[in-house]
Amino acid sequence: MPIFFSPSSLRRKAHLKLLLLGFFLVALQGCTPIDQRTFNADAGKPPVLHKKHYFTPDKKPFVEIVQGTSQDVYGAPLKKAVKAALTQKKNILFIVEGLSPLQKTPEEQVTHMTALLNELVVPVATQISDAGALPIQIDMRLRTAPLLKQAVVRINVR
């Protein structure tokens, strides 16, 4: 019975395999392993907190209405402004933002914001809708603005 593999040929094959493995490992040392930063360079870094931007005087709104202003006073000019904006751009978005000054307690804040919503934000949005804007073109927001002394509604367009 012939012997196909002698112990010396097995040793040679093992040495050859070790030699190839050594070359392969040396070649891999120049490579960087795949990790989470391979696909996202910012992975693992702490998040960047952006400063909150409140209204600044150089950023004028399209229309601003102060709480306490009668609907008779702002109704006609608002409708005229909305119609002018709609003629300029048919798919315009009206951002109606009610801004409430900071109150002493959360309960007072909720009460003040609810009153602002019912007394000014909803009627202004209704005026915009009556002037020809579709309901989908009106984005209503309500938030607290600590720097304000009196509640306002600001209408911006996009």
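Residues numbered from 1 in each chain as written. Predicted model: local features only at pLDDT ≥ 70, side-chain atom pairs only at ≥ 80, totals over all residues. Heavy atoms only, no water.

> Just checking my understanding: could you explain the sheet that holds strand β4 (residues 152-157) for this structure?
Through backbone hydrogen bonds, the strands of a sheet pair up, either in parallel or in antiparallel fashion. Spatial strand order, β1-β4-β2-β3: 4 strands in an open sheet with mixed pairing. A single partner strand is all that each edge strand has here, and the edge strands are β1 (63-66) and β3 (138-144). Geometrically, the sheet is characterised by an average inter-axis angle of 15° between neighbouring strands, direction not taken into account. For β1 and β4, the ladder comprises 4 bridges, and the chain directions are antiparallel. (Pairing = 2+ DSSP bridges. Helix = DSSP H or I, 4+ residues; strand = E, 2+ residues; numbered from the N terminus. Axes fitted to C-alpha atoms, helices over the stretch in contact; angles between N-to-C directions.)

> Which parts of the structure should I look at to understand a nonpolar patch on the surface?
Taken together, the side chains of L18, L21, F24, L25 and L28 present a nonpolar region at the surface, about 500 Å² in accessible area. Its place among the elements puts F24 in helix α1 (residues 7-28). (Patch = residues over 30% accessible without salt bridge, like charges linked within 9 Å, V, L, I, M, F, W, Y side chains within 5 Å. Areas by Shrake-Rupley, 256 points an atom, 1.4 Å probe, with all protein chains shown as cover. Salt bridge = Lys/Arg side-chain N within 4 Å of Asp/Glu carboxyl O.)

> Sorry, what's going on with helix α3 (residues 106-130) here?
An α-helical turn contains 3.6 residues, so any two residues separated by three or four positions project in the same direction. Here α3 contains 25 residues, and its C-alpha end-to-end distance of 34 Å stays within 8% of the 36 Å for a straight helix at 1.5 Å per residue. Maximum bend of α3: about 40°, positioned at L117. Buried positions along α3 lie against β1, α2 (71-88), β2 (94-100), β3 and β4. Looking one or two places after α3, you find G132, whose phi comes out positive at around 125°. (Expected span 1.5 Å × (residues − 1). Bend = angle between axes of the 7 residues up to and from the residue. Contact = heavy atoms within 4.5 Å.)

> Explanation requested: α2 in the structure shown.
Between its first and last C-alpha, α2 extends 25 Å over 18 residues, near the 26 Å set by a 1.5 Å rise per residue. Buried within α2 are the following residues: Y74, G75, L78, A81, V82, A85 and L86. One side of α2 holds all its buried residues, which, seen down the axis, span an arc of 150°. Counted as exposed and oriented over 90 degrees from the buried face of α2: D72, A76, K80 and T87. Capping the start of α2 is the job of one residue whose side-chain oxygen sits 3.2 Å from the backbone nitrogen of D72: S70. (Buried < 20%, exposed > 50% of the residue type's maximum accessible area, 1.4 Å probe, protein only. Arc of directions from axis to C-beta. Polar contact = N/O pair within 3.5 Å; in protein donor to acceptor, adjacent residues only side chain to side chain.)

> Mind showing me how you'd approach the packing of α2 against α3 here?
Where α2 meets α3, the closest approach of the two axes is 9 Å, and the angle between their N-to-C directions is 40°. The pairing of α2 with α3 is recorded here as oblique in orientation. Once α2 is placed against α3, the crossing between them reads as right-handed. In this structure, α2 contributes Q71, Y74, G75, L78, K79 and V82 to the contact, and α3 contributes L120, P123, V124, Q127, I128 and D130. For the contact of α2 with α3, a count of residues per class yields 7 nonpolar, 3 polar and 2 charged. (Parallel < 35°, antiparallel > 145°, perpendicular 65-115°, else oblique. Left-handed = near helix turned anticlockwise from the far one by under 90°. Nonpolar A, V, L, I, M, F, W, Y, C, P; charged D, E, K, R; others polar.)

Geometric values such as these leave the question of function open.
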